[in-house]
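# Understanding the architecture of this molecule
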Amino acid sequence: MSEDIYVLGIETSCDETAASVVKNGIEIISNVVASQIESHKRFGGVVPEIASRHHVEQITLVIEEALKEADMVPAQLSAVAVTEGPGLVGALLIGVNAAKAFAFAHQLPIVGVHHIAGHIYANRLAQEMQFPLLALVISGGHTELVYMNEHGHFDVIGETRDDAAGEAYDKVARTLNLPYPGGPHIDRLAHESNKPVDFPRVWLEEGSYDFSFSGLKSSVLNYMHNAAQRGDQVEPADVAAGFQNSVVEVVTAKTLRAAEQYKVKQVIAAGGVAANKGLRASLEKAFAEKGTPFFIPPLSLCTDNAAMIAAAGTIMYEKGIRGNMAMNGRPGMEMDSWI
Amino acid sequence: MIYLGIDTSNSPLAIALAKEDTIIIEETTNLKINHSLTAMPAVEEMMKKAKIAPANLTHIAVAQGPGSYTGVRIGLTIAKTLAWSLKIPLHMVSSLKVLAANGQNFDGIICPLMDARRGTAFMAAYQGETLDSVIADQHSEVKDFILRLKELGRPVLFVGIDVEIHKEVIHEILGEQASFAAPQNRLPRASNLIMLAKQSEEQNVHHAVPEYRRITEAEANYNKAQGGEKS
């Protein structure tokens, strides 16, 4: 019998300082997340310099807590996995340098993980993956459809050409004077509407799996602007519902079509926007009708966390991939396959 | 007692190892290469050369700023993570004081300087062999700070690679009162950092953060907007 693999994951790509210990890539032993949302709220979004400052304050505390919760000492670890990119460069640097220093101090191997690969592998912490599979990654920074035919193979078949879905949610929320982060507020309001505004659906050219949300966002802004000029009362719930309907319809249809064309055995969703109730319900219904297994991990694994980085890092570690002391934060990192 | 010193607070990278009171290796690189890429490999290489394993280290010394925000954070993150991982004391020294140490024997005021753009810099005034503080580390308009130095009426030695950027205004205001460190004395030396660290108190590792000496632009704008609303 082979030995158990314990990987320490570290994630600092945006506004969460996180560390976690995962066993064999599937079992969470500890999962610690220090969120900065409260400090960024007053600015209406994440301020990169402030995010970096918070990461330095939290990093060793969070790693220590993750080890304490796991009741483990560094010598029991097999490797350290850290988010190498993409993300905010100043934020990534804290995790990467802390991971390198920790790995050096304890003479442990280090692996650099792609943040989106992490989001996808969050699923494996809840349920084993079945290949070939399609992953819908949808968050404040990403909107991508990724096809995988085995562990470590990633084929990005569609991605956003402008704003990420979550970014559009935040911008629309701001015009409706909803607090940051806006996604959950729009989701809640949308359910209160009886007559959603009819906003356009952006399909792009036929057969494309790419997304575009900036046109939709502009339509919402124009609608608000015109209403204000006419002196009309706008019902925020109707705007929220109209916007959400457009996003959900396009994302559901493209995910469904991709799943059919690529004949996948399983469809998984990942990222903060995957927690959106409207989107979740629509995807669940669509795939239930098709009979394709569809899965979304619990909310705590959809948002940024380090367990997902440890989970993805475990597969990389098993495949013999190693980083070194020259590892750097890579804000524009591409998602390459590991094989 | 084995000290590892790391200074990444401006574009040069300075690292050193000291055993008791002997500096075993010190290295300063002035190549403007990303510290995130070079700092850990340089430390790893230096320790290998000195045949010192991470577990042999007994103290970590780091330059705590002010300086480049990102630069200071990289050094501090490495230093605090090493100190915490190895369960050894962490010592922090002002990045400006580390520079000032290059002029330790100067009879007058030592003014370390790191450029912070738009006519501003991180500056301080120190004096004597014990590097006593005359004017505290701060972010200032270069011109305003030099006018304060002029009032002291004593010779001033400027230290740091960014001195070149402000040479003209320094000359203009201080004239003969100003002198400049020779090129070999402008770069930070981690040996100085370690010697200063030995006189400093041990820090709480978890709470160790950079001394930025400046709030973020977003916070400054926010405070301004808040003030504007009140009036």
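Conventions and cut-offs
Residues take numbers from 1 onward in each chain, read along the sequence in its written order. A letter from A marks each chain and a number from 1 marks each ligand, given out in the order of writing. Residues qualify for local features only when their pLDDT is at least 70, as the model is predicted, and side-chain atom pairs are given and counted only at 80 or more; totals for whole chains, interfaces and linings, by contrast, use all residues. Think of the side-chain values as coming from all heavy atoms in the structure, minus any hydrogens and water. Each helix is a run of DSSP H or I of at least 4 residues and each strand a run of E of at least 2, with the numbering of both proceeding from the N terminus. In this setup the radius of gyration rests on C-alpha atoms only. A globule is expected at 2.2 Å times the number of residues raised to 0.38. Burial status follows relative accessibility: with a 1.4 Å probe on protein chains alone, a residue under 20% of its type maximum counts as buried, one over 50% as exposed, and anything between as partly exposed. Contacts are assigned to residue pairs with any non-hydrogen atoms lying within 4.5 Å of each other. Each accessible area value is a Shrake-Rupley result obtained with a 1.4 Å probe; residue values ignore everything except the protein chains displayed when judging cover. We score Asp and Glu as negative and Lys and Arg as positive, and we do not count His or the chain ends. The atoms used to mark charge sites are NZ of Lys, CZ of Arg, CG of Asp and CD of Glu. Under this definition, polar contacts are N or O atom pairs within 3.5 Å; protein pairs additionally need one hydrogen-donor-capable and one acceptor-capable atom, and for neighbouring residues in sequence, both atoms have to be side-chain atoms. Both site types are read off a 1 Å grid over the protein atoms alone. A 1.4 Å probe that fits but cannot get out defines a cavity, while an open set with protein on both sides within 12 Å along at least five of seven lines defines a pocket; lining residues have an atom within 4 Å of a point. Grid points are joined across faces, edges and corners, and a volume is the space filled by probe spheres set on the points. Charged means Asp, Glu, Lys or Arg here, nonpolar means Ala, Val, Leu, Ile, Met, Phe, Trp, Tyr, Cys or Pro, and polar covers whatever is left, Gly included. What counts as a domain boundary in this text is fixed by an automatic or database domain assignment. Buried area: the sum, over both parts, of the accessible surface (1.4 Å probe) that disappears when the two are put together. Note on definitions: salt bridges are taken to be side-chain nitrogens of Lys or Arg within 4 Å of carboxyl oxygens of Asp or Glu. Here, patches come from residues exposed beyond 30% relative accessible area and free of salt bridges, joined within 9 Å for like charges and within 5 Å for nonpolar side chains (Val, Leu, Ile, Met, Phe, Trp, Tyr). A strand pair is defined by DSSP finding two or more bridges across the two strands.

With that out of the way, let us pick up the overall build of chain B. For chain B, the helix and strand inventory stands at seven helices and ten strands. Compactness check: chain B gives a C-alpha radius of gyration of 18 Å against a globular reference of 17 Å for 231 residues, within 12% of the reference. Summarising its shape, the C-alpha atoms of chain B cover approximately 55 × 50 × 30 Å along the three principal directions. Looking at the 231 residues of chain B, the share that counts as buried comes to 54%. Contacts in chain B between residues far apart in sequence, at least 24 positions, make up 63% of those at least 6 positions apart. As displayed, chain B offers around 10,300 Å² of accessible surface, 48% of which is attributable to carbon and sulfur atoms. Side chains of chain B carry 23 positive and 26 negative charges; the gap between the two charge centres is 4 Å.

With respect to the helices and strands, the residue Thr 60 of chain A is situated in helix 2 (residues 48–70). Since its relative accessible area comes to 0%, Thr 60 of chain A is described here as buried. Within the local environment of Thr 60 of chain A, its side chain forms a polar contact with the side chain of His 206 of chain B, the two groups lying 2.8 Å apart.

The next thing to look at is the layout of surface pockets. In this model, the largest pocket occupies a volume close to 1,100 Å³. Around the largest pocket, the lining comprises 40 residues; the ones closest to its centre are Ser 139, Gly 140, Asp 170, Tyr 180 and Pro 181 of chain A. Of the residues forming the lining of the largest pocket, the biggest block, six residues, is contributed by helix 5 (residues 165–175) of chain A. Considering only residue class, the lining of the largest pocket consists of 13 nonpolar, 17 polar and ten charged. Here the lining of the largest pocket spans two domains, and each of domain 1 (6–121 + 302–318) and domain 2 (132–296) of chain A adds at least three residues to it. Put simply, the second largest pocket is a space of about 860 Å³. Around the second largest pocket, the lining comprises 30 residues; the ones closest to its centre are Ser 68, Tyr 69, Ala 116, Arg 117 and Arg 214 of chain B. Residue assignment for the lining of the second largest pocket shows that the elements contributing at least two residues are helix 2 and helix 3 (89–106) of chain A together with helix 2 (69–86), strand 6 (109–115), strand 7 (120–127) and helix 7 (217–230) of chain B. Considering every element that reaches the lining of the second largest pocket, the biggest residue donor is helix 3 of chain A, with four residues. For the lining of the second largest pocket, the residue count by class is 13 nonpolar, nine polar and eight charged.

The next subject is the domain arrangement of chain A. One widely used convention gives an interface's size as the accessible area the parts lose upon coming together. Residues and elements named next belong to chain A. Taken domain by domain, chain A consists of domain 1 (6–121 + 302–318) and domain 2 (132–296). Each of domain 1 and domain 2 has a C-alpha centre, and the two are 27 Å apart. Taken residue by residue, the interface counts 16 residues in domain 1 and 18 residues in domain 2. Of the roughly 1,300 Å² buried between domain 1 and domain 2, counting both surfaces, carbon and sulfur atoms make up 77%. Taken together, the connections running from domain 1 to domain 2 amount to zero salt bridges. Connecting domain 1 to domain 2 are four residue pairs in polar contact (both at pLDDT 80 or more). Where the side of domain 1 that touches domain 2 is concerned, the elements lending two or more residues are helix 1 (37–41) and helix 4 (115–121). For the side of domain 1 that touches domain 2, the element with the most residues is helix 4, which contributes six residues. Class assignment for the residues of the side of domain 1 that touches domain 2 results in nine nonpolar, five polar and two charged.

This paragraph deals with a nonpolar patch on the surface. Residues and elements named next belong to chain B. There is a patch of nonpolar side chains on the surface, built from Leu 31, Ile 33 and Leu 37 and spanning about 270 Å² of accessible area. Inspection of the secondary structure puts Ile 33 in the loop between strand 3 (22–29) and helix 1 (35–49). The exposure class assigned to Ile 33 is partly exposed, which follows from its relative accessible area of 41%.

Right, let's get into empty space enclosed by the protein. Under the criterion given, the structure shown has two cavities of 30 Å³ or more. Computed from the structure, the largest cavity encloses a volume of approximately 60 Å³. In terms of lining, the largest cavity is formed by Asp 7, Ser 9, Asn 10, Pro 12, Ser 95, Leu 99, Met 114, Gly 160, Ile 161, Arg 186 and Pro 188 of chain B. Per-class residue counts for the lining of the largest cavity are five nonpolar, four polar and two charged. Per-domain counts for the lining of the largest cavity show at least three residues from each of domain 1 (2–95 + 188–214) and domain 2 (96–185) of chain B. Estimates place the volume of the second largest cavity at around 50 Å³. With three residues, helix 8 (residues 236–261) of chain A is the single largest residue contributor to the lining of the second largest cavity. Partitioned by chemical class, the residues of the lining of the second largest cavity number six nonpolar, two polar and no charged.

This next bit is on the sheet that holds strand 8 (residues 155–159) of chain A. Within a sheet, neighbouring strands are paired by backbone hydrogen bonds and run either parallel or antiparallel to one another. All names here are of chain A. A sheet is described by the order of its strands in space; here five strands give the open sequence 8-7-6-9-10, paired in mixed fashion. Every other strand in the sheet has two partners, leaving strand 8 and strand 10 (294–295) as the edge strands with one partner each. Bridging between strand 6 (residues 133–138) and strand 9 (residues 266–270) involves five bridges; their strand directions are parallel. Residue pairing in the sheet places Val 137 in a bridge with Ala 270 of strand 9.

Contacts between chain B and chain A engage 34 residues on the former and 30 residues on the latter. In total, chain B and chain A occlude about 2,900 Å² of area from one another, counting both sides; carbon and sulfur atoms represent 68% of this. The largest share of the area that chain B buries against chain A comes from Arg 73, Trp 84 and His 206 of chain B, three residues that together contribute 20% of it. Across the salt bridge formed by Glu 219 of chain B and Arg 42 of chain A, the nearest N and O atoms sit 3.8 Å from each other. In this assembly, chain B and chain A are joined by ten residue pairs in polar contact (both at pLDDT 80 or more). Among the elements of the structure, helix 1, helix 2 and helix 7 of chain B are those that each provide at least two residues to the side of chain B that touches chain A. At 13 residues, the largest contribution of residues to the side of chain B that touches chain A is made by helix 2 of chain B. Its residues assigned to classes, the side of chain B that touches chain A comprises 21 nonpolar, eight polar and five charged.

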